[in-house]
Amino acid sequence: MTTTRRKGKKTQHRKVPPKFIFVVGGVMSGVGKGIASSSIAKILQARGLTVTAMKIDPYVNVDAGTMNPTEHGEVFVLQNGLETDQDMGNYERFLNIDIPDINYMTTGSVYASVIRKERNLEYGGRNVQVVPDIPAEAIRRIKNAAAVANADVTLIEVGGTVGEYENILFMEAIRMMKSETPNDVAVVMLSYLPVPGSVGEMKTKPTQHASRTLNSTGVSADFILARAPIAVDKKRREKIARFCNVKLEHVISAPDVASIYDVPLNFEKGKLSDQLCGFLGLQCSQRANLSTWKRFVRSTQTAQRPVKIAVVGKYFNSGDFVLSDVYISVLEAIKYSAYSLGLQPEISYVSSVDFEDRKNLKKLKQYDGVLIPGGFGTTGIAGKLNVIEYVRKNNIPYFGICYGMQLAVLEFAKNKARLKDASTAEINPKAAHLVIDIMEEQKEKLAQKDMGGTMRLGEYPASLKKGTIAAEAYKKRTISERHRHRYEVNPAYIQKLENKGVVFSGTSPDGTLMEIMELPQEVHPFFVGVQFHPEFHARPLDPHPLFTAFVKASFEHIT
Ligand code: GLN
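Described in the following lines is the structure provided in the data block.

Parameters at a glance
Residues numbered from 1 in each chain as written. Predicted model: local features only at pLDDT ≥ 70, side-chain atom pairs only at ≥ 80, totals over all residues. Heavy atoms only, no water. Near = heavy atom within 4 Å. Polar contact = N/O pair within 3.5 Å; in protein donor to acceptor, adjacent residues only side chain to side chain. Areas by Shrake-Rupley, 256 points an atom, 1.4 Å probe, with all protein chains shown as cover. Nonpolar A, V, L, I, M, F, W, Y, C, P; charged D, E, K, R; others polar. Core = buried A, V, L, I, M, F, W, Y, C linked by side-chain atoms within 4.5 Å. Buried < 20%, exposed > 50% of the residue type's maximum accessible area, 1.4 Å probe, protein only. Contact = heavy atoms within 4.5 Å. Salt bridge = Lys/Arg side-chain N within 4 Å of Asp/Glu carboxyl O. Helix = DSSP H or I, 4+ residues; strand = E, 2+ residues; numbered from the N terminus. Phe/Tyr/Trp six-rings, centres within 6.5 Å; stacked < 30°, edge-to-face > 60°. Lys NZ or Arg CZ within 6 Å of the ring centre and 35° of its normal. Pairing = 2+ DSSP bridges. Axes fitted to C-alpha atoms, helices over the stretch in contact; angles between N-to-C directions. Parallel < 35°, antiparallel > 145°, perpendicular 65-115°, else oblique. Left-handed = near helix turned anticlockwise from the far one by under 90°.

Notes on the site of the ligand
Lining the immediate environment of the ligand, one finds Gly374, Gly375, Phe376, Cys402, Tyr403, Gln406, Glu426, Arg484, His485, Arg486, Tyr487 and His533. Within the backbone of Arg484, a nitrogen or oxygen atom sits 2.9 Å from a nitrogen atom of the ligand. Here the ligand, which alone exposes 300 Å², has 99% of that area covered by the protein. Split by residue class, the shell around the ligand holds four nonpolar, five polar and three charged.

A look at the nonpolar core
The nonpolar side chains of a soluble globular protein tend to be buried, and buried together. Core analysis: the largest hydrophobic core is formed by 88 residues, its most contacted members being Ile21, Ile40, Phe267 and Phe399. If near-sequence neighbours (up to four positions away) are discounted, Phe399 is found in contact with Val370, Leu371, Ile372, Phe526, Val528, Val530, Pro534, Leu546, Phe547 and Phe550. Leu364, Ala425, Tyr487 and Leu519 belong to the second-largest nonpolar core, a separate cluster that totals 45 residues.

Details of the pattern of salt bridges
Once their charged atoms are close, side chains differing in charge can pair, the charge on each being opposite to the other. This model, assessed by the stated rule, comprises 33 salt bridges. A salt bridge links Asp98 to Arg539; the shortest N-O distance between them is 2.7 Å. Placement of the pair is Asp98 in the loop between α3 (86-95) and β7 (104-106) and Arg539 in the loop between β25 (527-530) and α18 (545-558), with a sequence separation of 441 residues. Judged by relative accessible area, Arg539 falls into the buried class, the value being 7%. Note that Arg392 is salt-bridged to Glu411, the shortest N-O span being 2.8 Å. Taken as a pair, Arg392 in helix α13 (residues 381-393) and Glu411 in helix α14 (residues 403-415) lie far apart in primary sequence, 19 residues in all. Like Glu411, Arg392 is buried. Several salt bridges converge on common partners, so that one network encompasses Lys55, Asp57, Asp85, Asp87 and Glu157.

Topic: the packing of aromatic side chains
Aromatic ring pairs are reported here in terms of the distance separating the ring centres and the angle at which the planes meet. One pass over the structure, following the stated rule, counts 15 aromatic pairs. With 5.5 Å between their ring centres and 80° between their planes, Phe223 and Phe279 make a pair best called edge-to-face. With Phe223 in strand β10 (residues 223-228) and Phe279 in helix α10 (residues 272-280), this pair connects stretches of sequence that are 56 residues apart. For the ring pair Phe296 and Tyr339, a centre distance of 6.1 Å and an interplane angle of 75° mean the geometry is edge-to-face. With Phe296 in helix α11 (residues 291-302) and Tyr339 in helix α12 (residues 328-340), the pair connects residues that are 43 residues apart, well separated along the chain. The pair formed by Phe296 and Tyr339 is uniform in burial state, with each residue classed as buried. These aromatic residues form a ring-pair network of at least three members: Phe94, Tyr261, Trp293, Phe296, Tyr336 and Tyr339. A cation over an aromatic ring shows up here: Arg242 above the ring of Phe243, its NZ or CZ 5.8 Å from the ring centre. If you follow Arg456 out to its NZ or CZ, it ends over the ring of Tyr460, 4.2 Å from the centre.

Regarding the sheet that holds β7
Pairing is parallel in the open sheet, where seven strands are placed in the order β7-β4-β8-β3-β9-β10-β11. Lying at the two open borders of the sheet, with one neighbouring strand each, are β7 and β11 (251-255). Averaged over neighbouring strand pairs, the angle between their axes works out to 20° when direction is ignored. When strand β4 (residues 51-57) meets β7, the two strands line up parallel, connected through three bridges.

What to know about the pairing of strand β23 (residues 503-507)
Most of β23 is tucked away, with four of its five residues classed as buried. Two elements, strand β20 (residues 456-464) and β23, share two bridges in a ladder whose sense is antiparallel. For Ser463, the partnering residue across the bridge sits in β23 and is Thr507. Note that β23 and strand β24 (residues 514-518) share four bridges and pair antiparallel.

Quick look at the packing of helix α7 (residues 205-215) against helix α8 (residues 234-244)
Between α7 and α8, whose axes approach to 10 Å, the crossing angle comes to 25°. As judged from the angle between their axes, α7 and α8 are roughly parallel. Seen along the crossing, α7 lies across α8 with a hand that is right-handed. Residues Thr207, Gln208 and Ser211 of α7 pack against Lys239, Ile240, Phe243 and Cys244 of α8. In terms of residue class, the contact of α7 with α8 is built from three nonpolar, three polar and one charged.

Here's what the structure looks like:
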């Protein structure tokens, strides 16, 4: 793309039309389609191209905000407040860009638009049909996202796996786009090659079946990313190429790697960006510039001194398994800050329910810092309050995010301000002292059960108080952070809490909403709570200043 200036206005002349890369899953889910998509986007960005990434979730839910985190993973909030899938966070982190809401769609949101347009007579009274109108709406959104980003390449990840009933209309969208502009669309299928223990050999058959299932939708793969526990050898790549109608150079070995951040580098070993640029006729720089990325990956390997952080949450347990996906942005944010300080993060996932029994609290001594992330509802609250009291009294660095901030205020109100019957309206709306109360504009929404996409969502500015931990960390006085909450610090208790030593170091610019609370460093080495979600802004190449301050304080706490 070249840029010229005409009458002071920037005009862009694209030498080649915008290109689209679809990433679909074969064989099974959970083998890193989101990371593969982010990594493809990353290597193309490293070739000097403007790249954006999208996610299609085949659920009927209009957005991810109403989904249970243990089932769906983290809800990632975009700048403008849309509640989306955690993969959107991966795209933002890998590409180091903010992604607009047009880049996320679900079956529910696509149908909602089509139905709204039909009601507005936008289809001119004709028969509105599932096919082609639903895929056509998906295509309109995809092209719109490309235009908004002025992208040379738009990467579109389709959730689920091929052959699922749910995503069939999105496969049809791919087919329609491909038949319209075959040279501008590439389809990448992420597959999995198991090595069954009893056989001891890597099997290509599930990939062959997946390819056939994909073909039955009228779409064929141009590239196959062959995920496997170990590198996929030439013999098997040849077999896949032959049976799945894909060029041998388009079958890329994608073995398990130590860190997700190695994946783009690994793809480059297979010359994937060369192959994609060649296939789509993309004009780009000769070599991928991944030097800062490589430096980051190196820092993850060279960091020696450990820093032990406990993340106390309630969404970790799923049957016999421990899930950490629910807090993925928080965990990654801790890591980026630790690496930037030359420290090796050792993160423990601790269930808050365990601390309902006070006898277990002394286990917290082994950690250098404790973080309580966002959450909802009553489960695990008693344990979290016990944890906060313990770390406050034992000078263990504490970082509370959203609910973690509200509960820190609540614990302080109960135990320091002596408001014995203090609570949050989320737990006990009838309590005598609602130090955390429902926000005025949320009351009606809650009463009418208008729950989807109605919290205080997205980015809002905050002003910081000079000389506080927050202001020192950010090194500026005005910040902008992403939110997702219905409750807030009750203004009626601010004075009382301040009199007892709480510092509200960040507030909304008009001073009415308490955005950050902290205890002075003379009292506690690091005790900070934030009403917003700083984790959504943390990037590998740009760690978040508050996380860095917390990790630094945690490390200093041990040394
Ligand atoms: N449940 C709290 C609220 O709605 C906190 C939300 C969160 O932690 N994201 O205000």
